[in-house]
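Coordinate inspection notes
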Amino acid sequence: MTNLAHNLAHIQHEIQSSCSNRDITLIAVSKKQSIERIKTAHSLGLSHFGENYAQELEQKAEALDSLSLVWHFMGPIQSNKTKIIAQHAHWVHSLDRLKIVTRLNEQAKDANRQLQCLIQVNIDGEAQKGGVAPNEITILAEAIEQAPQLTLRGLMLIPEKAQDSSQTFAKCRELFNTLADQFTTVDTLSMGMSNDYAQAIQHGSTMVRIGTALMGERPTS
């Protein structure tokens, strides 16, 4: 617990130093972390956890159901996994296709659940990365708004690696502001991870997704 507590204290200090005038939601990225590690993080006051794989989300959400955690799904969404996500996630960060919007809405209705949704935007145009181009955001946003079981909350960004992300963060903030002017439910900008969360907050992020810097190295097996 000591290392996790130390990591959390450091990150909370950095968040406070980066932004003192608004609330920042800290998501502990628990991908490949153990159930016990998540329990320890929860005992330190964390309640938001993020997963990248649907079946891992299902396993952990069911095992930790008594803790009333808030689960964020952040990975690429496969069509055959949308039912699991609809049943167990509270937030979906990686929406980037109309087909997935339709499937999640139908399956959330079957599960009698409401999903908080973020559109993943691919500002840098990386071919190997999910996300919509900036000029496609409105089309997907309108589809989400028309889906009764989904609530449009904002944008999610994963910047290109090995570069200064400042310009990309600034562009995403502009896109977010435009989206918020169009849709009244938009209030969340999810950007910033272990190596750049302070910079992301300075550019307007309201939700940061921190894995290794908080939870420690992921087990290799």
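As a starting point, this report considers the structure included with it. (Residues numbered from 1 in each chain as written. Predicted model: local features only at pLDDT ≥ 70, side-chain atom pairs only at ≥ 80, totals over all residues. Heavy atoms only, no water.)

A few words now on the packing of aromatic side chains. Describing an aromatic ring pair means giving the distance of the ring centres and the angle of the ring planes. One pass over the full model with this rule turns up one aromatic pair. Ring centres 6.0 Å apart and planes at 45 degrees place the aromatic pair Phe 49 and Trp 71 in the tilted group. On the criterion of sequence distance, the pair formed by Phe 49 in strand β2 (residues 48-51) and Trp 71 in strand β3 (residues 70-73) is long-range, its members being 22 residues apart. (Phe/Tyr/Trp six-rings, centres within 6.5 Å; stacked < 30°, edge-to-face > 60°. Helix = DSSP H or I, 4+ residues; strand = E, 2+ residues; numbered from the N terminus.)

Time to look at the nonpolar core. Leu 95, Leu 104, Ile 119, Ile 144 and Leu 214 are the most contacted members of the largest nonpolar core, which totals 61 residues. Beyond its immediate sequence surroundings of up to four residues, Leu 104 is in contact with Thr 82, Ile 85, Ala 86, Val 92, Leu 95, Leu 115 and Leu 150. Formed by five residues, the second largest nonpolar core is a distinct cluster that contains Trp 91, Leu 118, Met 156 and Met 207. (Core = buried A, V, L, I, M, F, W, Y, C linked by side-chain atoms within 4.5 Å. Buried < 20%, exposed > 50% of the residue type's maximum accessible area, 1.4 Å probe, protein only. Contact = heavy atoms within 4.5 Å.)

The element strand β5 (residues 115-121) is largely enclosed, with a buried count of seven among its seven residues. In β5, alternate side chains face the same way, and those of Leu 115, Cys 117, Ile 119 and Val 121 on one face and Gln 116, Leu 118 and Gln 120 on the other are all buried. By the bridge criterion, three bridges tie strand β4 (residues 91-95) to β5 in an arrangement that is parallel. Bridged to Trp 91 within β5 is Gln 116. (Pairing = 2+ DSSP bridges.)

Glancing now at the side chain of Thr 82. Counting through the fold element by element, Thr 82 comes out in helix α4 (residues 82-88). A residue is classified by how much of its surface remains accessible, and Thr 82, at 0% relative accessible area, is buried. Polar contacts involving the side chain of Thr 82 include one to the main-chain carbonyl oxygen of Ser 79, which spans 3.1 Å. At 3.1 Å, the side chain of Thr 82 and the side chain of Arg 103 are in polar contact. (Polar contact = N/O pair within 3.5 Å; in protein donor to acceptor, adjacent residues only side chain to side chain.)

Buried residues of helix α6 (residues 137-145): Ile 137, Leu 140, Ala 141 and Ile 144, and no others. Considered in projection along α6, the buried side chains sweep an arc of 105 degrees and stay on one side of the axis. Buried residues belonging to α6 abut β4, α5 (98-110), β5, β6 (150-157) and α7 (166-182). (Arc of directions from axis to C-beta.)

It is worth spelling out the side chain of Lys 31 at this point. With respect to the element layout, Lys 31 can be found in the loop between β1 (25-29) and α2 (35-43). Here Lys 31 sits buried without a salt bridge, and the closest side chain of opposite charge, Glu 56, lies 7.8 Å off (N-O distance). Lys 31 has contacts with Gly 50, Glu 51, Asn 52, Tyr 53, Glu 56, Lys 60 and Arg 218, leaving out every residue within four places of it along the chain. (Lys, Arg positive; Asp, Glu negative; His and termini not counted. Salt bridge = Lys/Arg side-chain N within 4 Å of Asp/Glu carboxyl O.)

Moving on, we come to the pattern of salt bridges. Counted according to the given criterion, the structure contains five salt bridges. When the shortest N-O distance is used, the salt bridge between Glu 56 and Lys 60 registers 2.6 Å. Of the two residues, Glu 56 and Lys 60 both sit in helix α3 (residues 54-63), four residues apart, roughly one turn of that helix. Assessed through its relative accessible area of 13%, Glu 56 is described here as buried. The salt bridge partner of Arg 153 is Asp 187, with a shortest N-O separation of 2.9 Å. You can see Arg 153 sitting in strand β6 and its partner Asp 187 sitting in the loop between α7 and β7 (188-190), a full 34 residues away along the chain. With relative accessibility at 40%, the residue Asp 187 sits in the partly exposed group.

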